[in-house]
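# Inside the fold
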Amino acid sequence: SQQGEEDPQALSIQEGENATMNCSYKTSINNLQWYRQNSGRGLVHLILIRSNEREKHSGRLRVTLDTSKKSSSLLITASRAADTASYFCATVNTGGFKTIFGAGTRPFVKA
Amino acid sequence: SAVISQKPSRDICQRGTSLTIQCQVDSQVTMMFWYRQQPGQSLTLIATANQGSEATYESGFVIDKFPISRPNLTFSTLTVSNMSPEDSSIYLCSSKGTGTNTEAFFGQGTRLTVV
């Protein structure tokens, strides 16, 4: 990808379990964002975390950011079948304006 | 955030032809962005389009292959020229609000298949 990598790239989890996806990036950033994409359609913004923030919550989502390691994680608690989608992290570099995407993780939630 | 209407939603094209994709935003935006998403892959930024100036292309993308227009603050087009099967991808347009820490919003994408 243009910016970084995510792992795992594929993930199989049981409904009700927590799912964790990780993202690494290469440059200094203003913020990091997570997006969801269902079946190759348009992207839905989930959460934005600024470079001076370490953790952020939104509903069943929890995002952490470690700028010293240039990494972030997305935790989805109590996964549902409807959470099956592709998840991408994306960054805006310090002083920049372009949103650059990581490789993506594709969890599959089994009922 | 604003809403972007993108069309066509999908198309099947013959190799050697060109396709123009249109994006209409329901409010004025300064910058618009075009991305390509190859099958099973992430989004790759093609170019940034500002009104009144030539688009700025990312490494690996050139104006002759992907000419972009930005005639006003609510509209942009991307043309995929002289297509080959390798151009089969989803193409997405995007914009974002003003300010440093604002999220991007996207059109629904154009799924292009070149045969």
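Structure's up top.
A short tour of the structure in this document, coming up. (Residues numbered from 1 in each chain as written. Chains lettered and ligands numbered in written order. Predicted model: local features only at pLDDT ≥ 70, side-chain atom pairs only at ≥ 80, totals over all residues. Heavy atoms only, no water.)

## Some thoughts on the sheet that holds strand β5 (residues 43–50) of chain A
Residue and element names in this part refer to chain A. With respect to topology, four strands assemble into an open sheet ordered β5-β4-β9-β10, the strand pairing being antiparallel. In this open sheet, the two strands that pair with only one neighbour each are β5 and β10 (99–101). Across the sheet, the mean angle from the axis of one strand to that of its neighbour is 30 degrees, orientation sign disregarded. Two strands pair when backbone bridges link them, and strand β9 (residues 86–93) and β10 are joined in this way by three bridges, in the antiparallel orientation. (Pairing = 2+ DSSP bridges. Helix = DSSP H or I, 4+ residues; strand = E, 2+ residues; numbered from the N terminus. Axes fitted to C-alpha atoms, helices over the stretch in contact; angles between N-to-C directions.)

## Digging into the packing of aromatic side chains
This structure, assessed with the given rule, holds nine aromatic pairs over all chains. Considering the side-chain rings of A:Tyr35 and B:Phe106, the 5.8 Å spacing of their centres and the 85 degrees angle between planes classify their relative orientation as edge-to-face. In this pair, A:Tyr35 sits in strand β4 (residues 29–37) while B:Phe106 sits in strand β10 (residues 104–106), so the two residues belong to two different chains. This pair shows no difference in class: A:Tyr35 is buried, exactly as B:Phe106 is. (Phe/Tyr/Trp six-rings, centres within 6.5 Å; stacked < 30°, edge-to-face > 60°. Buried < 20%, exposed > 50% of the residue type's maximum accessible area, 1.4 Å probe, protein only.)

## Examining the pattern of salt bridges
Counted by the stated rule, this structure contains five salt bridges over all chains. The residue A:Arg62 makes a salt bridge to A:Glu55 at a minimum N-O spacing of 3.2 Å. For B:Glu58, the salt bridge is made with A:Lys98, and the minimal N-O distance between the two is 2.9 Å. Residue B:Glu58 is located in the loop between β6 (56–57) and β7 (68–72), and its partner A:Lys98 is located in the loop between β9 and β10; the two belong to separate chains. (Salt bridge = Lys/Arg side-chain N within 4 Å of Asp/Glu carboxyl O.)

## Section: the interface of chain A and chain B
Taken together, the 24 residues of chain A in the interface contact 24 residues of chain B. Summing the contributions of chain A and of chain B, the shared interface buries around 2000 Å²; its carbon and sulfur component is 50%. Where chain A packs against chain B, one counts one salt bridge. Linking chain A with chain B are nine residue pairs in polar contact (both at pLDDT 80 or more). Of all elements in the fold, only β4, β5, β9 and β10 of chain A reach the threshold of two or more residues within the side of chain A that touches chain B. The residue inventory of the side of chain A that touches chain B, partitioned by class, reads nine nonpolar, 11 polar and four charged. (Contact = heavy atoms within 4.5 Å. Buried area = accessible area lost by both parts, 1.4 Å probe. Polar contact = N/O pair within 3.5 Å; in protein donor to acceptor, adjacent residues only side chain to side chain. Nonpolar A, V, L, I, M, F, W, Y, C, P; charged D, E, K, R; others polar.)

## Considering the nonpolar core
Core analysis: the biggest nonpolar cluster contains 26 residues, and B:Ile46 and B:Leu78 have the highest contact counts within it. It is strand β3 (residues 19–25) of chain B that provides the largest number of residues to this core, a total of four residues. Leaving out residues up to four positions away in the same chain, B:Ile46 has contacts with B:Trp34, B:Tyr35, B:Arg36, B:Thr56, B:Tyr57, B:Glu58, B:Phe61, B:Phe66, B:Leu78 and B:Tyr91. If you look at the next biggest cluster of nonpolar residues, it comprises 21 residues, including A:Leu11, A:Cys23, A:Tyr25 and A:Ile29. (Core = buried A, V, L, I, M, F, W, Y, C linked by side-chain atoms within 4.5 Å.)

## Digging into the sheet that holds strand β1 (residues 4–7) of chain B
Residue and element names in this part refer to chain B. Ordered in space as β1-β3-β8-β7, the four strands form an open sheet in which the pairing is antiparallel. Every other strand in the sheet has two partners, leaving β1 and β7 as the edge strands with one partner each. Across the sheet, the mean angle separating the axes of adjacent strands is 15 degrees when strand polarity is ignored. Where β7 meets strand β8 (residues 75–80), three bridges bridge the pair, whose relative direction is antiparallel. Following the sheet pairing, Ile68 is matched in β8 by Leu78.

## Here's the deal with the state of the cysteines
All names here are of chain A. Applying the stated criterion across every chain, the model contains two disulfides over all chains. Cys23 shares a disulfide with Cys89; S-S distance 1.9 Å. Disulfide Cys23-Cys89: torsion about the S-S bond near 65 degrees, hence right-handed. Separated by 66 residues along the polypeptide, Cys23 in strand β3 (residues 19–24) and Cys89 in strand β9 bring together distant segments of the chain. Cys89 carries the same exposure label as Cys23, and that label is buried. (Disulfide = S-S within 2.5 Å.)

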